[in-house]
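Descriptive analysis of the structure
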Number of protein chains: 2
Amino acid sequence: MFSRACEYSIRATILIATHSMVGERVSLKDIARKTDSPLAFTGKVLQQLVKGGIVTSVQGVNGGFEIGQKQMEETRLSQIVAAIDGEQIFRACGLGLQACNAKKPCPLHDKFASIRNDLKTMLEGTSILDLSTGLKDGLTFLQR
Amino acid sequence: MFSRACEYSIRATILIATHSMVGERVSLKDIARKTDSPLAFTGKVLQQLVKGGIVTSVQGVNGGFEIGQKQMEETRLSQIVAAIDGEQIFRACGLGLQACNAKKPCPLHDKFASIRNDLKTMLEGTSILDLSTGLKDGLTFLQR
DNA sequence: TTAAACTCGGATAAATTTGTCCTGTTTAAA
DNA sequence: TTTAAACAGGACAAATTTATCCGAGTTTAA
Ligand code: SF4
Ligand code: SF4
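Now for a quick tour of the structure. Everything numeric in this text was worked out from a predicted model, so none of it was measured.

Moving on, we come to the packing of helix α1 (residues 4-21) of chain B against helix α5 (residues 77-85) of chain B. Residue and element names in this part refer to chain B. With their axes 9 Å apart at the nearest point, α1 and α5 run at an angle of 140 degrees to one another. Between α1 and α5, the angle is such that the two are oblique. Seen along the crossing, α1 lies across α5 with a hand that is right-handed. Where α1 approaches α5, its residues Ala5, Cys6, Ser9, Ile10 and Thr13 are matched on the opposing element by Leu77, Ile80, Val81, Ile84 and Asp85. For the contact of α1 with α5, the per-class residue count stands at seven nonpolar, two polar and one charged.

Not every one of the 23 residues close to DNA strand C is listed here, only the nearest: A:Leu28, A:Lys44, A:Ser57, A:Gln59 and B:Gln59. Of all atoms in DNA strand C that approach within 4 Å of the protein, 65% are sugar or phosphate atoms. For DNA strand C, a base oxygen lies 3.3 Å from a polar atom in the side chain of A:Gln59. In the model, a base nitrogen of DNA strand C is placed 3.5 Å from a nitrogen or oxygen of the A:Val61 main chain. Taken together, the elements giving at least two residues each to the surface near DNA strand C come down to α3 (39-51), β1 (56-58) and β2 (64-66) of chain A together with α1 and α3 (39-51) of chain B. Residues that form the surface near DNA strand C fall into these classes: nine nonpolar, 10 polar and four charged.

This paragraph deals with the relation of the copies chain B and chain A. For the pair chain B and chain A, the superposition axis carries a translation of 0.0 Å, the fit reaches an RMSD of 0.0 Å, and the rotation angle comes to 180 degrees. Here the symmetry operator amounts to a two-fold rotation axis. Across chain B, the rotation axis passes nearest the C-alpha of B:Met1, at a separation of 2.6 Å.

It is worth spelling out the site of ligand 2 at this point. Taken together, the neighbourhood of ligand 2 is formed by A:Arg144, B:Cys93, B:Gly94, B:Cys100, B:Asn101, B:Cys106, B:Leu108, B:His109, B:Phe112 and B:Arg116. In this structure, ligand 2 is bordered by residues of chains A and B. Residue composition of the shell around ligand 2, grouped by class: five nonpolar, three polar and two charged.

Attention shifts here to helix α7 (residues 109-125) of chain A. Given a rise of 1.5 Å per residue, 17 residues ought to cover 24 Å, and the 24 Å separating the end C-alpha atoms of α7(A) matches this to within 8%. Those residues of α7(A) that are buried lie in contact with α5 (77-85) and α6 (88-91) of chain A together with α7 (109-125) of chain B.

Let us look at the site of ligand 1. Taken together, the residues surrounding ligand 1 are A:Cys93, A:Gly94, A:Cys100, A:Asn101, A:Cys106, A:Leu108, A:His109, A:Phe112, A:Arg116 and B:Arg144. Of the residues contributing to the shell around ligand 1, the split by class is five nonpolar, three polar and two charged.

Attention now goes to the protein's contact with DNA strand D. In the vicinity of DNA strand D there are 24 residues, among which A:Tyr8, A:Gln59, B:Leu28, B:Lys44 and B:Ser57 approach most closely. The sugar-phosphate share of atoms of DNA strand D within 4 Å of the protein amounts to 64%. Elements supplying a minimum of two residues to the surface near DNA strand D: α1 (4-21) and α3 of chain A together with α3, β1 (56-58) and β2 (64-66) of chain B.

Orientation of α7(A) relative to α7(B), taken along the N-to-C sense of each, is 180 degrees, at an axis distance of 10 Å. As summarised for this structure, α7(A) and α7(B) are arranged roughly antiparallel, according to the angle between their axes. The residues of α7(B) that touch α7(A), namely those facing A:Lys111, A:Phe112, A:Ile115, A:Asp118, A:Leu119, A:Met122 and A:Gly125, are B:Lys111, B:Phe112, B:Ile115, B:Asp118, B:Leu119, B:Met122 and B:Gly125. Split into classes, the residues belonging to the contact of α7(A) with α7(B) amount to eight nonpolar, two polar and four charged.

This next bit is on unusual backbone geometry. Residues and elements named next belong to chain A. In this structure, aspartate 36 is a non-glycine residue whose phi angle is positive, near 55 degrees. Mapped onto the secondary structure, aspartate 36 falls in the loop between α2 (28-35) and α3. Residue class for aspartate 36 comes out exposed when judged on its relative accessible area of 53%.

It is worth spelling out α2(A) at this point. Residue and element names in this part refer to chain A. Along α2, the residues classified as buried are Ile31, Ala32 and Thr35. Across the axial projection of α2, the buried residues extend over an arc of 95 degrees, all falling on one side. Across α2 from its buried face, at more than 90 degrees, point the exposed residues Lys29 and Arg33. If you follow the buried residues of α2, they end up packed against α1, α3 and β2.

What the rule picks out here adds up to four aromatic pairs over all chains. Each ring, one from A:Tyr8 and one from A:Phe41, has its centre 5.8 Å from the other, and the planes form 85 degrees; the classification is edge-to-face. Taken as a pair, A:Tyr8 in helix α1 and A:Phe41 in helix α3 lie far apart in primary sequence, 33 residues in all. For A:Phe41, a relative accessible area of 39% gives the class partly exposed. Aromatic side chains A:Phe112 and B:Phe2 sit 6.5 Å apart centroid to centroid with 50 degrees between the ring planes, which places their arrangement in the tilted category. Of this pair, A:Phe112 sits in helix α7 while B:Phe2 sits in the segment before α1, placing the two residues on different chains.

Calculation criteria
Residues numbered from 1 in each chain as written. Chains lettered and ligands numbered in written order. Predicted model: local features only at pLDDT ≥ 70, side-chain atom pairs only at ≥ 80, totals over all residues. Heavy atoms only, no water. Axes fitted to C-alpha atoms, helices over the stretch in contact; angles between N-to-C directions. Helix = DSSP H or I, 4+ residues; strand = E, 2+ residues; numbered from the N terminus. Parallel < 35°, antiparallel > 145°, perpendicular 65-115°, else oblique. Left-handed = near helix turned anticlockwise from the far one by under 90°. Contact = heavy atoms within 4.5 Å. Nonpolar A, V, L, I, M, F, W, Y, C, P; charged D, E, K, R; others polar. Near = heavy atom within 4 Å. Polar contact = N/O pair within 3.5 Å; in protein donor to acceptor, adjacent residues only side chain to side chain. Least-squares fit on C-alpha atoms with pLDDT ≥ 70 in both. Expected span 1.5 Å × (residues − 1). Buried < 20%, exposed > 50% of the residue type's maximum accessible area, 1.4 Å probe, protein only. Arc of directions from axis to C-beta. Phe/Tyr/Trp six-rings, centres within 6.5 Å; stacked < 30°, edge-to-face > 60°.

Quick look at the structure:
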């Protein structure tokens, strides 16, 4: 569904948010450990998120990653996915035709577009905060 | 969403079905041309479908691929996807955790599992025949 | 001033997916 | 019996994704 890079970036962002809630920063090292992700690779995708304005990084001692209260309320999961995997997933044809076009539909169009749209709606309706509260309260998990 | 190999295999199967409806076989050459797919690679994935019992191949002059009337009615899109991409897509965690487990859910669990289930239901409820009639009648397309 | 704890970013490597090539085998018809 | 049209399948190549390595820059505190 999502690329590995995208999965890592979502897990990382959620973790960052739970720490930002209590005024802490998280280091890449901790992110990698607590989300069970490869450190250096996760560093790369986090840089993309920083450039995309989704999370903030602070260099130096006591540095790390953080996300503002407002950011975590307003940023949608769809933005993370778009920042890493691109908009493709929201628009692509289920059968791989060059462009999705309801005027000249592929055989799967109606059924596929419906689900793709549900996915889009879900991702656009879910904020980082939504995902982070459950983790903070110990109801959900980032590793298993 | 689906791998390229899977997209090719679905397009190929639908095309094969439209020909089988009128008692014809289709050659790999024609499949590649009419579905805008790389010939040799499509040949590979078709071999997987043959092994999976989804389509039948006939060697020699006037050979090609075909699919029985009953097969196209009974075979579900989910079976093609499973044959090429595996069952992963129906079971995998949206955030990439090792196994999907509602008892120890990832933060996206509820919302993701719902959509993943809709997708599964859709794929299981769609037969090759369903997809092929529209193409045969010129209402849907396999290239653009 | 120095050391330590951090992020940043380029280069490179490994793994996977996608794609091609070439040879062999089967089959029908000439 | 020969020939040509077709699938089968192994070996290899290209492209993409995933992952690692390492040196450089930044910041705080001792
Ligand atoms: S059918 Fe769905 S997937 Fe295929 S082209 Fe139309 S919208 Fe895209
Ligand atoms: S939340 Fe959804 S995706 Fe994550 S583990 Fe549970 S079922 Fe799988």
